[in-house]
Amino acid sequence: MNTKIVRSKSAIKQPKINVITLGCSKNIYDSEVLMGQLRGNNLNVVHESDKMGKDDIVVINTCGFIDNAKQESIDTILQFSELKEAGKIGKVVVTGCLSERYKPELESEITNVDAFFGTNDLQNILHELGANYKHELIGERLLTTPSHFAYFKIAEGCNRPCSFCAIPLMRGKHMSKPMEELVNEAKILAKNGTKELILIAQDLTYYGLDLYGVRKLDELMRRLSDVPGIEWIRLQYAYPSGFPMEILDAMNERDNICKYLDMPLQHITDNMLKSMRRGTTKQKTIDLVNQIRDKVPNIAMRTTLICGYPGETEYDFDEMKEWVAETKFDRLGCFTYSHEEKTHAHTLVDDIPDEVKQQRVDDIMEIQQGISFDINQEKVGKTFKVLVDKKEDDFFVGRTEFDSPEVDNEVLIDAATGYAANGSFVNVKIDRAEDFDLYGTIV
């Protein structure tokens, strides 16, 4: 007797879980871990898909760092909650920094979101989505970046007292990840074709103090450097106060540790650094930059600065401009000050008009544009190892070891003159240079 098995439509077509990521590279990492766990539970998970059905679930990983980011997160939540209201999607779940910081307010204002979670609620989010946390999946992620590079989070939270920063409110105290766990994660990534690890944390240079009683970033760098298949290791978010100089020894010793350092310095005048509670002075900052450059002569240094912090005078700003012009950072980003509640700086008067803040940012970036142009001109005629990220129009687009994705310079290779596969390393001779782009030919 033949028995016909009838499967219901619901058993055949599983709802999609569409993860939307807002904010920084640390959120990208968190989304990838969440997606890896969902995939490990045999659920249908996608990242930022445009195609959604009426039963699909949207998970929004929010940012709550500064006003613009908060607004983008709120707009995104409203957008998907309206789609749910219209019956075009099934559920909306919100996680990340914004909901960690403002959960009660969000719950009372946006009532048709199914659930709000904070930054350390992975197991609870999985339970909400019908999944179980699988311990055996530690180190497994579903990359949202091109497979040849990955953001690599080595710690969570921050112990620094910076007056303007809300990150400790959202991410808690610094917690280093165990070194064995990180090495294992790097091995898994390398087996899956990842060639570049971009080390991230709220404070990289604090790594190990909480777990081992001493800073261990240099040891971690060497351990990761030993992983077969990892060709570039890059440091982002190094804190200047208590900077461990021994990481520069590791950089000099190992060819696969990029001569690149991202160190957000935020300001330079003594009264601004003191009010910002940065734990350093102008002279100490200048000395540190010089020491780093002396120890690794060809290092590319990136920094970020804040304009319009409460009480920033024209004198403060002029001093910062002069310092930027003298120091000649290889890479530099600049932001307007955002007055964040519950931070120490929120007790100060936000006394600088928005248009003045923006003008100061523009002035700094104009100086940096000239510096970047001059530095790039010196590269014309030289050959660099370039990692190819993508093909865009008539160019293959890549980066040198001195450039992080999204934020730094790019190398454009005319596709008519040679071929380069995504994720491959090629040697490129630079033919010409602009402010933030290099143009070259594969040799």
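Residues numbered from 1 in each chain as written. Predicted model: local features only at pLDDT ≥ 70, side-chain atom pairs only at ≥ 80, totals over all residues. Heavy atoms only, no water.

Caption draft 1: Structural view of the overall build of the protein chain. In terms of regular secondary structure, the protein chain is built from 14 helices and 18 strands. At 23 Å, the protein chain has a C-alpha radius of gyration in line with the 22 Å of a compact globule built from 443 residues. Structurally, the protein chain occupies a C-alpha span of about 85 × 55 × 45 Å along its principal axes. A burial count over the protein chain gives 52% of its 443 residues as buried. In the protein chain, of all internal contacts separated by at least 6 residues, the share reaching a separation of at least 24 is 74%. When the accessible surface of the protein chain is summed, it comes to about 20100 Å², and 49% of that surface belongs to carbon and sulfur atoms. (Helix = DSSP H or I, 4+ residues; strand = E, 2+ residues; numbered from the N terminus. Rg over C-alpha atoms; globule rule 2.2 N^0.38 Å. Buried < 20%, exposed > 50% of the residue type's maximum accessible area, 1.4 Å probe, protein only. Contact = heavy atoms within 4.5 Å. Areas by Shrake-Rupley, 256 points an atom, 1.4 Å probe, with all protein chains shown as cover.)

Caption draft 2: Geometry of the pairing of strand E12 (residues 300-307). Counting buried positions along E12 yields eight of eight residues, so the element is predominantly enclosed. By the alternation rule, side chains of E12 split into Ala300, Arg302, Thr304 and Ile306 and Met301, Thr303, Leu305 and Cys307, which are all buried. For strand E11 (residues 257-262) and E12, the ladder comprises three bridges, and the chain directions are parallel. Paired with tyrosine 260 across the bridge in E12 is alanine 300. Strand direction decides the pairing type here: E12 and strand E13 (residues 331-336), joined by six bridges, are parallel. Residue pairing across strands places threonine 303 opposite leucine 332, the latter belonging to E13. One crossover worth recording links E12 to the parallel E13 by way of helix H13 (residues 314-327), and it is right-handed. (Pairing = 2+ DSSP bridges. Right-handed = clockwise from strand over helix to strand, strands pointing away.)

Caption draft 3: Structural detail: the layout of surface pockets. Approximately 810 Å³ is the volume found for the second largest pocket. Sorting the residues of the lining of the second largest pocket by element identifies helix H2 (25-40), strand E4 (91-96), helix H5 (122-128), strand E7 (155-156), strand E8 (175-176) and helix H7 (179-191) as the ones contributing at least two each. A per-element tally of the lining of the second largest pocket places H2 first, with seven residues. (1 Å grid on protein atoms, 1.4 Å probe; cavity = no way out; pocket = protein on both sides within 12 Å on 5 of 7 lines; lining within 4 Å. Points joined across faces, edges and corners; volume = space filled by probe spheres on them.)

Caption draft 4: Representation of the pairing of strand E2 (residues 44-47) within the structure. In the sheet, strand E1 (residues 16-21) pairs with E2 via four bridges, with the strands oriented parallel. Paired with asparagine 18 across the bridge in E2 is valine 46. Taken together, E1, H2 and E2 constitute a β-α-β crossover, and its handedness is right-handed.

Caption draft 5: Representation of H2 within the structure. Compared with the 22 Å implied by 1.5 Å per residue over 16 residues, the 23 Å span of H2 between its first and last C-alpha is a close match. In terms of burial, H2 is largely enclosed, as twelve of its 16 residues are buried. Among all positions in H2, only Ser25, Lys26, Asn27, Tyr29, Asp30, Ser31, Glu32, Leu34, Met35, Gly36, Gln37 and Leu38 are buried. (Expected span 1.5 Å × (residues − 1).)

Caption draft 6: Seen up close, the sheet that holds strand E6 (residues 149-153). Pairing is parallel in the open sheet, where six strands are placed in the order E6-E9-E10-E11-E12-E13. The sheet is open, and its two borders are formed by E6 and E13, each paired with just one other strand. Strand after strand, the sheet turns through a mean of 20° between neighbouring axes, direction not considered. Both E6 and strand E9 (residues 196-200) contribute to a ladder of five bridges, which runs parallel. Counterpart to alanine 150 in the pairing with E9 is leucine 197. Of the strands in this sheet, strand E10 (232-235) and E11 touch helix H10 (residues 246-253), which is tilted by about 145° from E11. (Axes fitted to C-alpha atoms, helices over the stretch in contact; angles between N-to-C directions.)

Caption draft 7: Examining the nonpolar core more closely. Within the largest apolar cluster, 53 residues are counted, with the highest numbers of intra-cluster contacts made by Ile154 and Leu199. Here this core takes six residues from H7, the largest share from any one element. Excluding its chain neighbours within four sequence positions, the residues that come into contact with isoleucine 154 are Ser176, Lys177, Leu182, Leu199, Ile200, Ala201, Leu204, Tyr207, Leu217 and Leu220. Counting 18 residues, the second largest nonpolar core, distinct from the first, contains Cys258, Tyr260, Phe384 and Ala420. (Core = buried A, V, L, I, M, F, W, Y, C linked by side-chain atoms within 4.5 Å.)

Caption draft 8: Representation of the pattern of salt bridges in the model. Tallied over the entire structure, the rule returns 38 salt bridges. Among the salt bridges present, the one from glutamate 340 reaches lysine 70, with a minimum N-O distance of 2.7 Å. Residue glutamate 340 is found in the loop between E13 and helix H14 (354-377), and its partner lysine 70 is found in helix H3 (residues 67-85); the two are separated by 270 residues along the sequence. Residue glutamate 340 is classed as buried on the basis of its relative accessible area, which comes to 1%. Connected through shared salt-bridge partners, Asp67, Lys70, Arg101, Glu340 and Glu341 make up one network. (Salt bridge = Lys/Arg side-chain N within 4 Å of Asp/Glu carboxyl O.)

Caption draft 9: Looking closely at the state of the cysteines. Going through the model one piece at a time under the given rule, you end up with zero disulfides. For the unlinked cysteine cysteine 63, the closest cysteine sulfur is that of cysteine 97, found at 6.0 Å. Of the residues examined, cysteine 63 reaches a relative accessible area of 11% and is grouped as buried. (Disulfide = S-S within 2.5 Å.)

Caption draft 10: Examining the UniProt feature "binding site: [4Fe-4S] cluster 1" (unreviewed entry) in the protein chain more closely. UniProt marks Cys24, Cys63 and Cys97 with the feature "binding site: [4Fe-4S] cluster 1" (unreviewed entry), using the numbering shown here. The greatest C-alpha distance among the residues just named is 10.6 Å, despite their covering 74 residues of sequence, which places them together in space. Note that cysteine 24 resides in the loop between E1 and H2. Residue classification places cysteine 24 among the partly exposed residues on the basis of a relative accessible area of 31%. Turning to its location among the elements, cysteine 63 is positioned in the loop between strand E3 (57-62) and H3. With residues up to four places along the chain from it excluded, the contact list for cysteine 63 reads Leu22, Gly23, Asn27, Ala69, Lys70, Ser73, Cys97 and Leu98. (UniProt positions renumbered as here; feature names shortened; annotations may be inferred.)

Caption draft 11: Representation of the packing of aromatic side chains. Under the counting rule described, the total for this entry stands at seven aromatic pairs. An angle of 75° between the planes, with centres 5.4 Å apart, marks the rings of tyrosine 309 and tyrosine 337 as edge-to-face. Of this pair, tyrosine 309 sits in the loop between E12 and H13 while tyrosine 337 sits in the loop between E13 and H14, and the two are 28 residues apart along the sequence. Ring centres of phenylalanine 384 and phenylalanine 402 lie 6.4 Å apart, and the angle between their planes is 85°; this geometry places the pair in the edge-to-face category. (Phe/Tyr/Trp six-rings, centres within 6.5 Å; stacked < 30°, edge-to-face > 60°.)

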